[in-house]
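Listed below are the residues making up each chain.
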Amino acid sequence: MLNKKMIAALNGQMSNEFYSAYLYLSMSAASTAMGLRGAANWFMVQYQEEMVHFMKLYNYVISQGGAVTLATVKAPPSAFKSLLDMFEQTLKHEQFITRCINDLSDLAVKEKDHATAVLLQWYVTEQVEEEANDNDVLARLRLVGKDGNGLFMVDNELATRVFTPPPAAGNPSA
Ligand code: FEO
């Protein structure tokens, strides 16, 4: 059972996850426009992952008898200076999401909502992985700097990322 405070907070996080999906879809389009097909793939996979994050919360709230209230999602930026710029913004955004997840976890503990606390553990782990992925790509982009050949190689690596749906995407017990 979810209390009102928790339902509102989980709905708020749904908006954050949906915005994340929107942001990475925009970055995928911008990468394509820059001729960076690998980065376009990487951000498209990230978009799909964010939709999994969104759906997991959506299904959880419904399964607990809570009301899903979808909010307006603001438009993401559509112009980016470079791939480095996109990954710097990605890391900054994910650090914000990590803080949101931590705040939600604090609230779940405060409200003695152990079921939600367990669900949020999945997000805590996911955020560690997301920030690590972003830092890894950022390190390589900083290493190659303005070298076109280096950027070409990093882009080829980003092309290999594959979206793996979770065993039961959106299933709160998965
Ligand atoms: Fe759903 Fe990238 O955090």
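Residues numbered from 1 in each chain as written. Predicted model: local features only at pLDDT ≥ 70, side-chain atom pairs only at ≥ 80, totals over all residues. Heavy atoms only, no water.

Engineer: I'd like a description of the overall build of the chain, backed by residues and values.
Structural biologist: A count of helical and extended segments in the chain gives five helices and zero strands. If you line up the chain on its principal axes, its C-alpha atoms span 55 × 25 × 25 Å. Looking at the chain as a whole, 44% of its 174 residues are labelled buried. Long-range pairs, those at least 24 residues apart, make up 82% of the contacts in the chain between residues at least 6 apart in sequence. Per element, the accessible surface of the chain, about 9,300 Å² overall, is 59% carbon and sulfur. Of the side chains in the chain, 14 bear a positive and 19 a negative charge, and the two mean positions are spaced by 6 Å. (Helix = DSSP H or I, 4+ residues; strand = E, 2+ residues; numbered from the N terminus. Buried < 20%, exposed > 50% of the residue type's maximum accessible area, 1.4 Å probe, protein only. Contact = heavy atoms within 4.5 Å. Areas by Shrake-Rupley, 256 points an atom, 1.4 Å probe, with all protein chains shown as cover. Lys, Arg positive; Asp, Glu negative; His and termini not counted. Charge placed at Lys NZ, Arg CZ, Asp CG, Glu CD.)

Engineer: Hey, could you go over the environment of Q64 for me, with residue numbers and the actual values?
Structural biologist: Within the secondary structure layout, Q64 lies in the loop between α2 (37-63) and α3 (83-110). It is 27 Å that separates the C-alpha atoms of Q64 and V128, two residues lying 64 residues apart in sequence. When residues no more than four places from it in sequence are discounted, the contact partners of Q64 are M1 and L2.

Engineer: If you had to explain the pattern of salt bridges to someone new, which residues and values would you point to?
Structural biologist: Applying the stated criterion across every chain, the model contains six salt bridges. In this structure, the salt-bridge partner of E49 is R161, at a minimum N-O distance of 3.7 Å. Remark: R161 occurs in the segment after α5 (148-158) and E49 occurs in helix α2; sequence separation between them is 112 residues. Each member of the pair E49 and R161 is classed as buried. Residue R142 is joined to E88 by a salt bridge in which the shortest nitrogen-to-oxygen separation is 3.4 Å. (Salt bridge = Lys/Arg side-chain N within 4 Å of Asp/Glu carboxyl O.)

Engineer: Residue-level account of the packing of aromatic side chains, with values.
Structural biologist: Evaluated as defined, the whole model comprises seven aromatic pairs. Here a set of aromatic residues connected by ring pairs shows up, and it is made of Y24, W42, F43 and F87. One cation-aromatic arrangement involves K56 over W122; the distance from NZ or CZ to the ring centre is 4.5 Å. (Phe/Tyr/Trp six-rings, centres within 6.5 Å; stacked < 30°, edge-to-face > 60°. Lys NZ or Arg CZ within 6 Å of the ring centre and 35° of its normal.)

Engineer: Which residues make up unusual backbone geometry, and what are the values?
Structural biologist: Notably, K112 is not glycine yet its phi reads approximately 55 degrees, a positive angle. Along the polypeptide, K112 turns up in the loop between α3 and α4 (114-144).

Engineer: Describe the nonpolar core, listing the residues and the values that go with them.
Structural biologist: In this structure, M27, F43, L83, M86, F87 and L158 are the most contacted members of the largest nonpolar core, which totals 20 residues. Looking at this core, the elements that each hand over two or more residues are α1 (4-33), α2, α3, α4 and α5. Considering each element in turn, this core owes the most residues, five residues, to α1. Apart from the residues within four sequence positions on either side, M86 is in contact with M27, A30, S31, M34, F43 and F80. Ranked by size, the runner-up nonpolar core spans 18 residues in total, among them M14, V61, I101 and Y123. (Core = buried A, V, L, I, M, F, W, Y, C linked by side-chain atoms within 4.5 Å.)

Engineer: Before we move on, can you summarise the packing of α2 against α4 with the specific residues and values?
Structural biologist: Interhelical geometry of α2 versus α4 gives an angle of 170 degrees and a closest axis separation of 12 Å. The angle between α2 and α4 falls in the class roughly antiparallel. Side by side, α2 and α4 meet where W42, Q46, E49, E50, H53, K56, L57 and Y60 of the first sit next to A115, T116, L119, W122, Y123, E126, E130, N133, D134 and V137 of the second. Of the residues that constitute the contact of α2 with α4, the class distribution is eight nonpolar, four polar and six charged. (Axes fitted to C-alpha atoms, helices over the stretch in contact; angles between N-to-C directions. Parallel < 35°, antiparallel > 145°, perpendicular 65-115°, else oblique. Nonpolar A, V, L, I, M, F, W, Y, C, P; charged D, E, K, R; others polar.)

Engineer: Lay out α5 in plain terms, naming residues and giving numbers.
Structural biologist: The set of residues buried in α5 consists of G150, V154, D155 and L158. Within α5, the buried residues cover an arc of 135 degrees as seen down the axis, which keeps them to one side. Relative to its buried face, α5 has exposed residues pointing more than 90 degrees away, namely N149, F152 and M153. Those residues of α5 hidden inside the fold are in contact with α2, α3 and α4. (Arc of directions from axis to C-beta.)

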